[in-house]
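# Chain and residue survey
What follows is each chain in one-letter form.
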Amino acid sequence: MLISCRWINEFLVGAADAVIEVEAMSAALTSLGLEVEGAVRYGAGLESVLVGELRGVLPHPAADRLSVARIFDGAVEHAIVCGASNLPEAGGKVAFAPVGTVLPDGTTIEARAVRGETSRGMICSESELDLGTDAAGILNLPSEWEAGERLVDRVAAIEDTVLDISLTPNRPDALGHIGVARDLAVKLGRALRLPEVADVPKTRLAGLVELLEPSRCGRYCGYALEDFTVGRSPLWLRVRLHRLGLRPINNAVDTSNYVLLEFGQPLHVFDRAHMLGAGVRIRCARAGESLATLDGATLELQADELVIADESTPHALAGVMGGAASMVTEGSKRVLLEAAWFHPAGVRRAARHHQLHTDASHRFERGVDHGRGLDLASRRALLLLIRLGGARCVGYSEAHGECPAQLQIVLRPHRIDALLGLKVDPAEAMRILEGLGVVVDSGDMAGWLCTLPTHRPDLTREVDLIGEVIRVHGFANLPDVAPRTGRGTVARRDPAQERRRNRSRQLLLAAQEVGLNECLTLAFSSPEKLATLPLEGHAVHLSNPMRSQASVMRTHLLAGLLDVAKLNASRHGYDLRLFELGRTYAWPPVPVVGTGPTAEFDAKLPLEREHLGILLGGEKLDAADLVSGVIRLLTRMGYDPEIRPLTPGPSSTHLHPGGAGSIALREEQGLVVVGALGEVHPDLARAWDISGRYRIYYADIDVAALPPRPISRFGGIPRHPATSRDISLDAPLSLPAADIVEVLRRVGVECAQLLGDETRLDVGDASRNVVEVVEDYRGEGVACGRRALLIRLHYRAPGRSVTDSEVQSLHDRIVVQMCQAIPDLRPR
């Protein structure tokens, strides 16, 4: 949404009407939730452009298509070489840029010779001054303007800054300058000054408006005008429209667009001479009807689409676009001004069906004001049509349908403080609400009766009003920690849920560390796919699915991962290393009787179980990769995993019976089975059309079955430096470096405890590791079957710097014990 800073300032009264600068306005808007995404300044350099008086025109002596004009700038005359064909008569006024003027495109006006004649300045067009798009001729100005006046003094909109603000769909009131100014007025302590409007016509015309669909149109106002003169809008209006991205057309269309930007209320002007009958009918389209629209297209109308029609023919698709047949043109004299409130759902449906998105539909879809705002907008447009086109209003008519009810809500002042954790003075809260248009009856301090404004359809609850209070009062004023109010009890976290959450977090990190890529698939699937997978209980069917192919909640993660594997296999042959951490859903075979305050409700819900699914696929991957990946993952989490033979059963039908195993953990109480792994059954792979490409291996881990492990706790960043020592070792190739590192870690802890000193193995300054392998060399100088390892150990003491002597003593002891623990290891 583009917003003119100058226009906004016209609506704000107070503080001696001081202009609110762009930076202050941007900061205030952003704090109000109307985020400013950009700002463009217009008119820089145009302060030197003057109103010039044409004193005379002579032919150019050396060019047939050029002329030499004498321009009076209020002090002296200038000879200007000009090629425009629309110069006014002597005494007419033009836009004159004297020497030294910098035009918006960066051009600097200089005195220069044109075919032998010196031109001292420039007579400018709209396009050259960036005041419009007309580049065909010069900009002619009103003859009553005085020569020598600055153009920016005559047309204030020339110098302006336009803000681009980001709006959420729940704020249709901010789609007009009045709505934005209302928010700013409350925020900055100003008063809102509404523009001048016409009086309500006294004459009501019977038959001017006939509403046949009251459920689709809540309100329709029609104003009949006679003796309207269609012409060009004044420069101030054309410039304002151009700055905000709209193209001026004529004074009738420009008026409706101007009020659209001002109030956010879409309007339309019909040429009554091209409409049959005395007025308009708001009805649904009939079968076979079509509409030629203003953009030159022809729409085939649907029977449920609302139209504005005369006695026989549609002339507008309600809330979306007008028709070409009743378009206001140069000869129009009798016009009809429309102001209405259409049901948002109907406008949205029609706009999407015809693939149209207009300024009008954008606002009607979100809900415009059907009350005072509609009255003011229509009377504002009526005033402009009378003043700009010389029209006279001969009467009006209004029809009422089904509009949203104006809500009344009880707001408890003490609830504001309790919800926000912040003391807000009741007088300040009342000032904010009344400034936003809420009518507050504070007769009972225990609860204010608030009548909500019709321009804010998003306000429906007490908490919405509290949200408005803090939005204006300032989110920055909220405390970092909400204070306890003493009311009610503090909800405590369920320890079981906390353990599951921690296990899930650990699984995610461990899966990524072992080289798996996370997938997020839909929790919905088709009954046909899930029928091929094991199920304990009954599937959960959706009563209103988004699509028929996803009408069941997933009972297994494998279905979604196989969809991903199929998609990747059809596009490339790269290896797949995927995992997903998600929930499965099923009705239990027998009702589950729980305990606690929510047991009655829990019994009516399906069971949700969190699982980790791991899928590997590719020509270079096999079952051993899956087994090693699962073992490394669980080991990183602090478990002691073991893969055991799996007894075939109903829960493992998705795995190949000759290549499946169960995932068990060695615990003090014995083995704990937490899942199963193996090759996906060939029949299942064929059902997904993957079997001919490569084999698929899958592992499933039940997160709830994982025994709890201590949660890692992080300390502060060390404040004192570490030091390091290197060990050069001669090791057999059969001995993994990881085993040596693990022994060094264990021995380092034992030696530090034995010495009883603060010095110990710790992370280095430039490394996250306590012990790191720096170099692994095999070749000349090293015996066959052996290798040379360079391992670095880092030492640190908490709270102080370490000394060389204490580090060397600990380091020597660690090396001796390491060689005793691994006899085949020799220092080099």
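Remember, it's a predicted structure, so these values are computed and weren't measured experimentally.

Turning to the layout of surface pockets, a few remarks are in order. Estimated volume of the largest pocket: approximately 820 Å³. As for the largest pocket, its lining consists of 32 residues, of which Val 253, Asn 257, His 268, Leu 294 and Gly 322 are closest to the centre. Elements represented by at least two residues in the lining of the largest pocket include exactly α6 (251-263), β16 (267-271), β21 (314-317), β22 (321-322), β23 (335-342) and α8 (359-364). If you add up the space inside the second largest pocket, you get close to 670 Å³. Every residue lining the second largest pocket is counted, 26 residues in all, and those nearest its centre are Glu 536, Arg 609, His 611, Ser 651 and Asp 700. Among the secondary structure elements, those contributing two or more residues to the lining of the second largest pocket are β31 (576-586), β32 (607-617), β34 (655-667), β35 (670-680) and β36 (696-702). Here the element with the most residues in the lining of the second largest pocket is β35; it accounts for four residues. In terms of residue class, the lining of the second largest pocket is made up of 13 nonpolar, nine polar and four charged.

What follows covers the side chain of Thr 255. Tracing the sequence through the fold places Thr 255 in helix α6. Setting aside residues no more than four positions away along its own chain, Thr 255 makes contact with Ala 381, Leu 384, Leu 385 and Leu 388.

Bringing the sheet that holds β22 into the picture now. Pairing in this open sheet of five strands is mixed, and the strands run β14-β17-β20-β21-β22 from one edge to the other. Both outer strands of the open sheet, β14 (209-211) and β22, are each paired with one neighbouring strand and no more. In this sheet, β22 lies alongside β21 in antiparallel orientation, the contact comprising two bridges. Pairing of Ala 316 across the sheet is with Gly 322, part of β22.

Our next topic: empty space enclosed by the protein. Here the structure, examined in full by the defined rule, presents three cavities of 30 Å³ or more. Quantified by volume, the largest cavity comes out at close to 50 Å³. As for the largest cavity, its lining consists of Arg 216, Glu 305, Leu 306, Leu 317, Ala 318, Phe 342, His 343, Gly 346, Val 347 and Ala 350. When residues of the lining of the largest cavity are assigned to their parent elements, the largest contribution, three residues, is made by helix α7 (residues 344-353). Classifying every residue of the lining of the largest cavity gives six nonpolar, two polar and two charged.

On to the pattern of salt bridges. If you walk through the whole model with that rule in mind, you get 51 salt bridges. Across the salt bridge formed by Asp 417 and Lys 423, the nearest N and O atoms sit 3.3 Å from each other. Of the residues examined, Lys 423 reaches a relative accessible area of 64% and is grouped as exposed. Taken together, the shared-partner salt bridges in this structure form one network comprising Arg 171, Asp 173, Asp 183, Arg 456, Asp 458, Glu 468 and Arg 471.

Next up on the list: the packing of aromatic side chains. One pass over the structure, following the stated rule, counts six aromatic pairs. With 5.6 Å between their ring centres and 20° between their planes, Tyr 223 and Tyr 396 make a pair best called stacked. Here Tyr 396 lies in strand β24 (residues 392-400) and Tyr 223 lies in strand β15 (residues 217-226), a separation of 173 residues in the sequence. Residue Tyr 223 shares its accessibility class with Tyr 396, and that shared class is buried. Seen from their ring centres, Trp 236 and Tyr 258 are 5.6 Å apart, and the 85° between their planes marks the pair as edge-to-face. With a gap of 22 residues between them, Trp 236 in helix α5 (residues 235-243) and Tyr 258 in helix α6 connect regions that are remote in the sequence. Taken together through their ring pairs, the aromatic side chains of Trp 7, Phe 11, Trp 236 and Tyr 258 make up a single cluster. Here the guanidinium or amino end of Arg 55 rests over the ring plane of Phe 72, the centre of that ring lying 4.0 Å away.

Parameters at a glance
- Residues numbered from 1 in each chain as written.
- Predicted model: local features only at pLDDT ≥ 70, side-chain atom pairs only at ≥ 80, totals over all residues.
- Heavy atoms only, no water.
- 1 Å grid on protein atoms, 1.4 Å probe; cavity = no way out; pocket = protein on both sides within 12 Å on 5 of 7 lines; lining within 4 Å.
- Points joined across faces, edges and corners; volume = space filled by probe spheres on them.
- Helix = DSSP H or I, 4+ residues; strand = E, 2+ residues; numbered from the N terminus.
- Nonpolar A, V, L, I, M, F, W, Y, C, P; charged D, E, K, R; others polar.
- Contact = heavy atoms within 4.5 Å.
- Pairing = 2+ DSSP bridges.
- Salt bridge = Lys/Arg side-chain N within 4 Å of Asp/Glu carboxyl O.
- Buried < 20%, exposed > 50% of the residue type's maximum accessible area, 1.4 Å probe, protein only.
- Phe/Tyr/Trp six-rings, centres within 6.5 Å; stacked < 30°, edge-to-face > 60°.
- Lys NZ or Arg CZ within 6 Å of the ring centre and 35° of its normal.

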